[in-house]
Amino acid sequence: MDINLLNNNEVAKLSDLVSFAHNIVIICHINADGDALGSSLTWAGYLEQQDKAVTVIAPDLYPDFLQWIPGTNKVIRFDKHPYEAGTSIANADLICCMDFGALSRAGAGIEDAVGKSKAPIMLIDHHLNPNINAALSISRPELSSTAELVFRIIWQLGGYDAMTKDMAITAYTGMMTDTGGFTYNSTRPEIYHIISLLLAKGIDKDKIYRNVYHVFSVDRLRLTGYVLYQKLKVLTPYRASYYTISRDDQKRFHFTKGDAEGLVNMPLQIKGHRLSISLREDTEKNNLVWVSLRSVDDFPCNLMAEEFFNGGGHKNASGGRLYCSLTEAELTVRAAIRKYADRL
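All values reported here derive from a predicted model rather than from experimental measurement.

S.K.: I keep staring at unusual backbone geometry and nothing clicks. Help me out?
M.R.: Among all residues save glycine, negative phi is the norm, and among peptide bonds the norm is trans. A positive phi angle, close to 65°, is found at D51, a residue other than glycine. Secondary-structure assignment places D51 in the loop between α2 (34–49) and β2 (53–58). In this structure D51 comes out as exposed when scored by relative accessible area, which is 64%. Non-glycine residue D297 carries a positive phi angle of around 55°.

Structure representation (structure tokens):
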């Protein structure tokens, strides 16, 4: 099965960029998820095997359930170490942007630092409509994850044989988390061929799953029950639902980053349901509500996210934000669902 990704021009350009670089910085997006970290660390592993000095920078804190991933101990957080991270960007002769298509997704500090850098940028991403001015843009929105792109690139460059077990773990983690355990964005047969190649490196896929999805606190479980029983609004005629998580809710259940992960998928277990939306109030900024959308089949929640929630993403998994109160956000959700009623 052919899993090569790049055309000849892209291979040549990538090879030139890597060959002439020594200090390479890899950047992922705000609120890094498993794919952002997994793809970044896998790519870092490959570049280190090419005798490159590599620095991986995350803009801010990422969830506890990703802290176990091999290599995270070497990730520099820009919010905690802005001077160190900024110096690395300033000294870079190649900057790799992983899993995002706009520099604003890396935060103002990183956006400013990259803007001042003279280093060429390489973009590896699978989101729609990237707008980063990159020397090489490897954008494949049709693929499951940025981690899948990275694996395919490494394979095509002849790096599979030298791929370590840790690199296979990070690649698999990225693919698994960005597909909800291979339940969406994962119908192409090539992804399962890639999984078999990763398994051949000795990874324990069941343990990886447990490390991500079976490590929640008692408070997280109680929050889940509370949201499903008290907060879930089921709009049966539209085959859609939404829920809110307020600041008070988060305080009550000792919310930590990542505790809402996966909750938005659960209402889709309702028979016939096609859309689920989560509204979570920011704990620090007033009038900021984080929006997550999940859908099934052909409902385009990415279009809804773009039109109503200042966001975007994939057809079945998208996100955004609203600059308003939680009550006003609910009104926006209801308006969005009514607007898209004929597609639900």
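S.K.: I keep staring at the pairing of strand β9 (residues 275–281) and nothing clicks. Help me out?
M.R.: The two faces of a sheet get side chains in turn, since along a regular strand they alternate between them. Among the seven residues of β9, five are classified as buried, and the element is accordingly described as predominantly covered. Both strand β8 (residues 240–245) and β9 contribute to a ladder of six bridges, which runs parallel. Counted as the bridge partner of A240 is L275 from β9. Direction of pairing for β9 relative to strand β10 (residues 289–295): antiparallel, over a ladder of seven bridges. What sits directly across from R280, in β10, is W290.

S.K.: I would appreciate a short explanation of the sheet that holds strand β7 (residues 233–235) in the present structure.
M.R.: The strands making up a sheet associate through backbone hydrogen bonding, with each pair oriented either parallel or antiparallel. Spatially, the six strands line up as an open sheet ordered β7-β8-β9-β10-β12-β11, and their pairing is mixed. Of all the strands in the sheet, the pair left with one neighbour each is β7 and β11 (312–313). Sheet topology note: the β7/β8 ladder contains three bridges and is antiparallel. Paired with L235 across the strands is A240, a residue of β8. Sitting on the sheet, helix α11 (residues 301–308) is in contact with β9, β10, β11 and β12 (317–322), with an inclination near 10° to β12. The sheet contacts of helix α12 (residues 326–339) involve β7, β8, β9, β10 and β12, and relative to β9 the element is tilted by about 165°.

S.K.: Please clarify how the side chain of S145 should be interpreted in this entry.
M.R.: In this fold, S145 is placed in the loop between β6 (136–139) and α5 (146–156). Using a relative accessible area of 0% as the deciding quantity, one classes S145 as buried.

Here is what the cut-offs are and how they apply
- Residues numbered from 1 in each chain as written.
- Predicted model: local features only at pLDDT ≥ 70, side-chain atom pairs only at ≥ 80, totals over all residues.
- Heavy atoms only, no water.
- Helix = DSSP H or I, 4+ residues; strand = E, 2+ residues; numbered from the N terminus.
- Buried < 20%, exposed > 50% of the residue type's maximum accessible area, 1.4 Å probe, protein only.
- Pairing = 2+ DSSP bridges.
- Contact = heavy atoms within 4.5 Å.
- Axes fitted to C-alpha atoms, helices over the stretch in contact; angles between N-to-C directions.

What is shown is where atoms sit, not what they do.
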